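Listed here are the chains, written in short residue letters.
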Amino acid sequence: MSFSSLGFSPAQLPAFLRALAEKGYLAPTAIQSAAIPAILQGCDVVGSAQTGSGKTVAFALPLLQQLAEAPLHSPGRVRGLILVPTRELAMQVGEAIVSLARYLPRRMRVAVVFGGVSINPQMMALRGGADIIVATPGRLLDLINHNALSLASVSTLVLDEADRLLDLGFGEELDRILRQIPAQRQNLFFSATFPPAIEALAATLLHQSVRIEVRATAQTGSDIRQRAIEVDAGRRTQLLCHLVRSEGWSRVLVFVATRHAAEIVADKLRKAGIAAEPFHSELSQGKRTQVLLDFRQKVLQMVVATDVAARGIDIAKMPVVVNYDLPRSTVDYTHRIGRTGRAGESGMAVSFVSARTAAHLRLIEKRQRMGVPREQVAGFEPARGGESSTGAAAPTGGIKSKRPSRKDKLREAAARLQVPQPKE
Ligand code: AMP
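Quick notes on the rules
- Residues numbered from 1 in each chain as written.
- Predicted model: local features only at pLDDT ≥ 70, side-chain atom pairs only at ≥ 80, totals over all residues.
- Heavy atoms only, no water.
- Pairing = 2+ DSSP bridges.
- Helix = DSSP H or I, 4+ residues; strand = E, 2+ residues; numbered from the N terminus.
- Axes fitted to C-alpha atoms, helices over the stretch in contact; angles between N-to-C directions.
- pLDDT = per-residue confidence, 0-100.
- Contact = heavy atoms within 4.5 Å.
- Buried < 20%, exposed > 50% of the residue type's maximum accessible area, 1.4 Å probe, protein only.
- Arc of directions from axis to C-beta.
- Phe/Tyr/Trp six-rings, centres within 6.5 Å; stacked < 30°, edge-to-face > 60°.
- Lys NZ or Arg CZ within 6 Å of the ring centre and 35° of its normal.

### A word on the sheet that holds strand β2 (residues 80-83)
Piece 1. Spatially, β3-β4-β2-β5-β6-β1-β7 is the arrangement adopted by the seven strands of the open sheet, whose pairing is parallel. Two strands in the sheet have a free side with no partner beyond their single neighbour: β3 (110-113) and β7 (210-213). Taking the axes of each pair of neighbouring strands and ignoring which way they run, one obtains an average angle of 10° across the sheet.

Below, the structure written as structure tokens:
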């Protein structure tokens, strides 16, 4: 399959092929081969595909073609609206669209808007209008309230990572936005997972849609090796440093349960001589952008992130993802490991598992219908009988707490009651 055979019009195809070649995309991925012809024919599309499968190109190219060929092209009127859950994804999608549109005969104005930064520069940028807006829902509504833009001309709506949009509580904002865009439009709906809330949203939004399912690992050719290493919670940082050195991991994205843990683990890694930074929602937007830039440019070897980073970060050739703390849900597990093995590359996802988190990992395996073999690393074998009762890990392997829990106190009391064993 080649990009030339997907149904692009001869007027736009050369510009697309040139932009794709510059990016090094020689052939379409599975989601692109399946979705592009359907979108070009004007169908509503529900794509079940993870980030990393190439879905941005799958919706961006047909959208660009439609806008480039619209007979009544009225520059500055928003025709394509792409809603995304996070700022990082907004920036990434915006950049991808600009680079794909670079050689089109007609200039496309692409605006990227998201919260967490001052609204004024975004209002100024919108004064000249925009053909395509990539937005997080809250900021989009703020801009509409400031009369900075109107959605009355939108002809294509893309919901990117729809499951995450709902997870992050954007349901109400989404309803308000949907009420402002014309009912007559094309809907493109991408989600890695389809829990009932997402199915319900798809059912209300879409009519006679084409459903495309791409199993990221199998069909995009990406190859993610999943490992689970048994280790006591208190030795995870040491084990991480050991693995980085013994297995020669060049860049690692480490997931932890809390912002606090991200700070602490990154700090410990730095003390061990590894260039590491935390990445979480409490950092300023400037800092987050800088961390991602440094990670991309290999200034940083490790980023220690909360689940905010599980979506949207696109760093080509991310070889290793580590679940330092296990994710809360199976959905988060899927998204986290989706950060590696991107678009046909191979990757590795390593989960640290302790006596206390073993059952949680089993549950994730059961829900994922897969089994990850357990392994131990010499010198880091878990202590027999589980971890010590103080400094216990949270259920997801979270950071240590100094205060013993109620269970810990009961265990200690039980131990005190035990009859001493006679000496041999
Ligand atoms: P996504 O986040 O699903 O859009 O996936 C994006 C990742 O896939 C990025 O790393 C892109 O550079 C890469 N990608 C997208 N399309 C292709 C393609 N046809 N060939 C190779 N890589 C691609």
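On we go.
### So, the confidence of the model for the chain
Piece 1. Mean pLDDT over the chain stands at 83; residues scoring 70 or higher make up 83%.
Piece 2. Looking across the chain, the model is least confident in helix α10 (residues 216-219), with a mean pLDDT of 38, and most confident in β2, with 97.
Piece 3. Of the regions scoring below 50 in pLDDT, residues 388-403 engages in 38 contacts with residues more than four places distant in sequence or in other chains.

### A short note on the side chain of glutamine 12
Piece 1. Its place among the elements puts glutamine 12 in the segment before α1 (13-23).
Piece 2. Exposure remark for glutamine 12: the relative accessible area of 5% places this residue in the buried category.
Piece 3. Apart from the residues lying within four places of it in its own chain, the contact partners of glutamine 12 are Gln65, Ala68, Glu69, Leu104 and Pro105.

### Some thoughts on the pairing of strand β13 (residues 346-353)
Piece 1. Across the eight residues that make up β13, a large majority, seven, are buried.
Piece 2. Summarising the sheet, strand β8 (residues 223-230) and β13 pair through eight bridges and their orientation is parallel. Residue pairing for β13: glutamate 230 is matched across the bridge by valine 353.
Piece 3. Where strand β12 (residues 320-323) lies against β13, four bridges are found, and the strand directions are parallel. Looking at the pairing, valine 322 lines up with valine 350 of β13.

### Points about helix α9 (residues 196-205)
Piece 1. Of the residues making up α9, those classed as buried are Ile198, Leu201, Ala202 and Leu205. Viewed along the axis of α9, the buried residues span an arc of 100°, placing them on a single side of the element. Looking at α9, the residues exposed on the side facing more than 90 degrees away from the buried face are Pro196, Ala203 and Thr204.
Piece 2. Where α9 is buried, its residues touch β5 (156-159), α7 (162-167), α8 (171-178) and β6 (186-191).

### Let's talk about the packing of aromatic side chains
Any aromatic ring pair is given by two values, namely how distant the centres are and how the planes are angled relative to each other.
Piece 1. In total, this model carries four aromatic pairs according to the counting rule given.
Piece 2. Ring geometry for phenylalanine 8 versus phenylalanine 16: centroids 5.2 Å apart, planes at 65°, classification edge-to-face. Like phenylalanine 16, phenylalanine 8 is buried.
Piece 3. Its end group placed over the ring of phenylalanine 194, arginine 211 keeps NZ or CZ at 4.6 Å from the ring centre.
Piece 4. Over the face of the ring belonging to phenylalanine 295 we find arginine 251, whose NZ or CZ atom lies 5.7 Å from the ring centre.

### A look at unusual backbone geometry
Residues other than glycine predominantly adopt negative phi, and peptide bonds predominantly adopt the trans conformation.
Piece 1. Despite not being glycine, asparagine 147 shows a phi value in the positive range, around 55°.
Piece 2. Positionally, asparagine 147 belongs in the loop between α6 (137-145) and β5.
Piece 3. With relative accessibility at 71%, the residue asparagine 147 sits in the exposed group.
Piece 4. Positive phi is not limited to glycine here, since lysine 298 has a value of about 65°.

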